[in-house]
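Spelled out, the chains give:
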Amino acid sequence: MKTRFAPSPTGYLHIGGARTALFAWLFAKSLKGDCLLRIEDTDKERSKAEYTQEIINSFKWLGVEFDAEIVYQSNNATRYREVVESLLANNTAYVCKGEDPEKDKEYRDLKLSKDEDTVIRFKMPETGSTAFEDLVKGKIEVSNDQLDDFIIERSDGSATYNFCVVVDDIDSEISHVIRGDDHINNTFKQINVFKALNQIIPQYGHVPMILGEDGKRLSKRHGALGVQEYEALGILPEALKNYLLRLGWAKGDTEIFSDKEMTASFQDGVMNKSPATFSMDKLLWFNKHYLDQMNTEELIQKINLNHIDKSEYSKMVINAVRDRCETLNDFSTQTDYFFNEPEIYDQKLIKKHCSDATSGYLNKLKSSLVDKDSWNQSAIKEVIDRIASDLEVGFGKIGLPLRLALTASTNSPSIDLVCEILGREETIKRLDSFLLFLNDQEKDL
RNA sequence: GGCCCGUUCGUCUAGUGGUUAGGACAUCUGGUUUUCAUCCAGGCAACAGGAGUUCGAUUCUCCUACGGGCUACCA
């Protein structure tokens, strides 16, 4: 069996297209079949080669690998011409002059010759109905009088979408067409072309669309981000894939599916018939899950930050902050102060956590830290605890200013751990800078 | 307008002719905690509406409402 995904290169690959592709691909892979990528670039005005490249890159990143060569419809013009001729020959298509849509059918048996003022229309059956058994929606049927004689070849001699699709599906021997349900109405037209050509009609499965967080259909101009933008946001491909899979497909209550599990269980799950609303929150939850699973080396490689390398120091830093990161990008701000001394302190935080007494506390702490014989998390905690109880204040009166001094933030791992990782020298140095800063502040007041 | 598709907690969904209608995300509460997180425990919350079939419908049928799609010399 063989499926295909057929985007038109008129923009980047957005999340909806990616999901449809994922379903088509998974459907094929779960049945040990092939899935083809076909670029539908018959619209010369809007199709761009750079979009094609972007689409290809997006799939590469996602880990969706298509089989065989990419098919470009723009390469098939002669083939389409040939098939149009055969339709003309067996009288299932006709040349039409068509200024008036009402009168199109009057040209059906006129057998005009083609020129630059005419198009070629498909001769749709006028009675009966066209029906098919959809893989996800069940039986779908429409009366043929609803279908019109659509154009298959433009006046410039180029073929149109609903016709090209059929020719390519035949030539590529596509057995199953998995696509968005916005194509349901096209299916009726296409089925009739298959019939006119005397070819086997593939099986169709129409998957529902994705809606934006506001409930409106997701589109390029309506909040749909490109796959590459999720990458830029620090989303892992496995997280996006897993999330997309669960958006519209389910196998019981299971949420997490590895690549292998996806293909293994795809046929056992159920595809939903209704459109689903995209949720960034849930995507982020999947992302955190896959981030948690990753070992430190892998993580360092994926984070791809200049200051993070394979050193023990980097590893300590990563492991210290990973709990509070849900995207790859979060590691940037979360690790920054381990590599760069804070330069400015937030006034609001200073006001909130520091008082006149703070300098005194911190000076005491500093001298104890300087004298402390060992330098590790528990030893440092001991020192802070002791000073706090000597001074008869809570841990926060000392710990919070210390955190500010070292990280310029109120969001960091345990402060004793931060001290340990930073090292004694750096810790004292930052403490000194902060003390100086506090001193200057008092003068200003 | 015509045609096609759809409708279970706020969101993603499971599920069945008889269930306390289950899980996940979000949210709320509590616990752990030196901050922020993480983590753990618990709570709130749904079968669109109306007929019909049936001993019984969330489940089957029809209608209505609402949502989406198509209706191009776009794909």
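Scroll up a little and you will see the structure.
Residues numbered from 1 in each chain as written. Chains lettered and ligands numbered in written order. Predicted model: local features only at pLDDT ≥ 70, side-chain atom pairs only at ≥ 80, totals over all residues. Heavy atoms only, no water.

With that out of the way, let us pick up the nonpolar core. Grouped together as the largest cluster of nonpolar side chains are 94 residues, with contacts concentrated most on Phe59, Leu240, Leu245, Phe278, Leu365 and Phe434. Examining the composition of this core, we find that ten residues originate from one element, helix H1 (residues 15-30), more than from any other. Beyond its immediate sequence surroundings of up to four residues, leucine 240 is in contact with Ile15, Trp61, Leu62, Val227, Tyr230, Ile235 and Leu283. Residues Leu87, Val95, Val167 and Phe188 belong to the second largest nonpolar core, which totals 30 residues. (Core = buried A, V, L, I, M, F, W, Y, C linked by side-chain atoms within 4.5 Å. Buried < 20%, exposed > 50% of the residue type's maximum accessible area, 1.4 Å probe, protein only. Helix = DSSP H or I, 4+ residues; strand = E, 2+ residues; numbered from the N terminus. Contact = heavy atoms within 4.5 Å.)

This brings us to the protein's contact with RNA strand B. Taken together, 52 residues are adjacent to RNA strand B, and Arg154, Asp253, Arg324, Thr410 and Ser412 come closest. Of what RNA strand B places within 4 Å of the protein, 69% of the atoms are sugar or phosphate. At 3.1 Å from a sugar or linking oxygen of RNA strand B is found a main-chain nitrogen or oxygen belonging to glutamate 40. Take lysine 282: an N or O atom from its side chain is 3.2 Å from a base nitrogen of RNA strand B. Counting residues per element, the ones that place at least two in the surface near RNA strand B are strand S7 (138-143), helix H4 (161-171), helix H5 (184-196), strand S14 (276-277), helix H9 (280-293), helix H16 (395-407) and helix H17 (415-422). Counting residues per element, the surface near RNA strand B draws most heavily on S7, which supplies four residues. Its residues placed into classes, the surface near RNA strand B shows 15 nonpolar, 18 polar and 19 charged. (Near = heavy atom within 4 Å. Polar contact = N/O pair within 3.5 Å; in protein donor to acceptor, adjacent residues only side chain to side chain. Nonpolar A, V, L, I, M, F, W, Y, C, P; charged D, E, K, R; others polar.)

In this section: the packing of helix H10 (residues 296-303) against helix H11 (residues 312-321). In the contact formed by H10 and H11, the axes pass within 10 Å of each other and the chain directions differ by 90°. Overall, the two elements H10 and H11 adopt an arrangement that is roughly perpendicular. In contact with Thr296, Glu297, Leu299, Ile300 and Ile303 of H10, H11 contributes Ser314, Lys315, Ile318 and Asn319. Split into classes, the residues belonging to the contact of H10 with H11 amount to four nonpolar, three polar and two charged. (Axes fitted to C-alpha atoms, helices over the stretch in contact; angles between N-to-C directions. Parallel < 35°, antiparallel > 145°, perpendicular 65-115°, else oblique.)

With 15 residues, helix H15 (residues 377-391) should reach 21 Å at 1.5 Å per residue; the first-to-last C-alpha distance of 21 Å fits that figure. The secondary structure elements touched by the buried residues of H15 are helix H14 (358-371), H16 and H17. One or two steps after H15, the chain reaches glutamate 392, where phi turns positive at roughly 60°. (Expected span 1.5 Å × (residues − 1).)

Taken together, three strands build an open sheet; the order of strands is S4-S5-S8 and the sheet is antiparallel. Of all strands in the sheet, those with a lone pairing partner are strand S4 (93-96) and strand S8 (151-153), marking the two edges. Each neighbouring strand pair of the sheet contributes to a mean axis angle of 45°, computed without reference to strand direction. The pairing of S4 with strand S5 (residues 119-122) spans four bridges and is classified as antiparallel. Within the sheet, the bridge partner assigned to tyrosine 94 lies in S5 and is arginine 121. (Pairing = 2+ DSSP bridges.)

All quantities given are derived from atomic positions and should not be read as evidence of function.
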